[in-house]
Amino acid sequence: MPVFVFILLAAGTSCRKDSTTCNGVPNVAVNFALDLNQPTNVNLQIVEGSVIVTGGYDNVVVYRYTTSQFTAFDCCCPYDGATNSKAVVQLNSNKFSMTCPVCGSTFNLSDGSVIKGPSKCSLKPYVASFDGVSTVSVTN
Ligand code: FES
């Protein structure tokens, strides 16, 4: 493969931004409730279970951190997601972290923090409150 073709291909799939800042995630209204007894939410009946819900800027992941604690984050990569539509984090097989497919930043679902860069910014959090019975409300 000619060298210049390889350089062109490589340039198209990685972050083209400097490593010192994050573009962040635009603010959008978030306000929904999940019934854990609904079949679509069955994953949330166990600790380390998660579901991805339509909403937020690039969908919202809701994660059961402990028996009584839930977290929620926007799936838009805080590093360059606001300008790169491919930068939507995806759940890893370990079930407690998500990775951006653009250049590999990995985030912890227990608090949104960065496990592996280049992102220096955490996932955008939303407030997840559990009624202790079967409903998780997510707002910003
Ligand atoms: S856009 Fe580069 S890590 Fe997400």
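That block above? That's the structure.
Residues numbered from 1 in each chain as written. Predicted model: local features only at pLDDT ≥ 70, side-chain atom pairs only at ≥ 80, totals over all residues. Heavy atoms only, no water.

Trainee: With reference to specific residues and values, describe the pairing of strand β1 (residues 31-35).
Mentor: Burial along β1 is one-sided: the face carrying Phe 32 and Leu 34 is buried and the face carrying Asn 31, Ala 33 and Asp 35 is not. As paired strands, β1 and strand β10 (residues 135-139) are joined by five bridges and run antiparallel to one another. Bridge assignment links Phe 32 to a residue of β10, and that residue is Val 138. (Buried < 20%, exposed > 50% of the residue type's maximum accessible area, 1.4 Å probe, protein only. Helix = DSSP H or I, 4+ residues; strand = E, 2+ residues; numbered from the N terminus. Pairing = 2+ DSSP bridges.)

Trainee: Please provide a residue-by-residue account of the sheet that holds strand β3 (residues 60-64), values included.
Mentor: The strand order β1-β10-β9-β4-β3-β2 describes an open sheet built from six strands, whose pairing is antiparallel. A single partner strand is all that each edge strand has here, and the edge strands are β1 and β2 (50-53). Sheet twist, expressed as the average angle between the axes of neighbouring strands with direction ignored, equals 20°. When β2 meets β3, the two strands line up antiparallel, connected through four bridges. Paired with Ser 50 across the strands is Tyr 63, a residue of β3. (Axes fitted to C-alpha atoms, helices over the stretch in contact; angles between N-to-C directions.)

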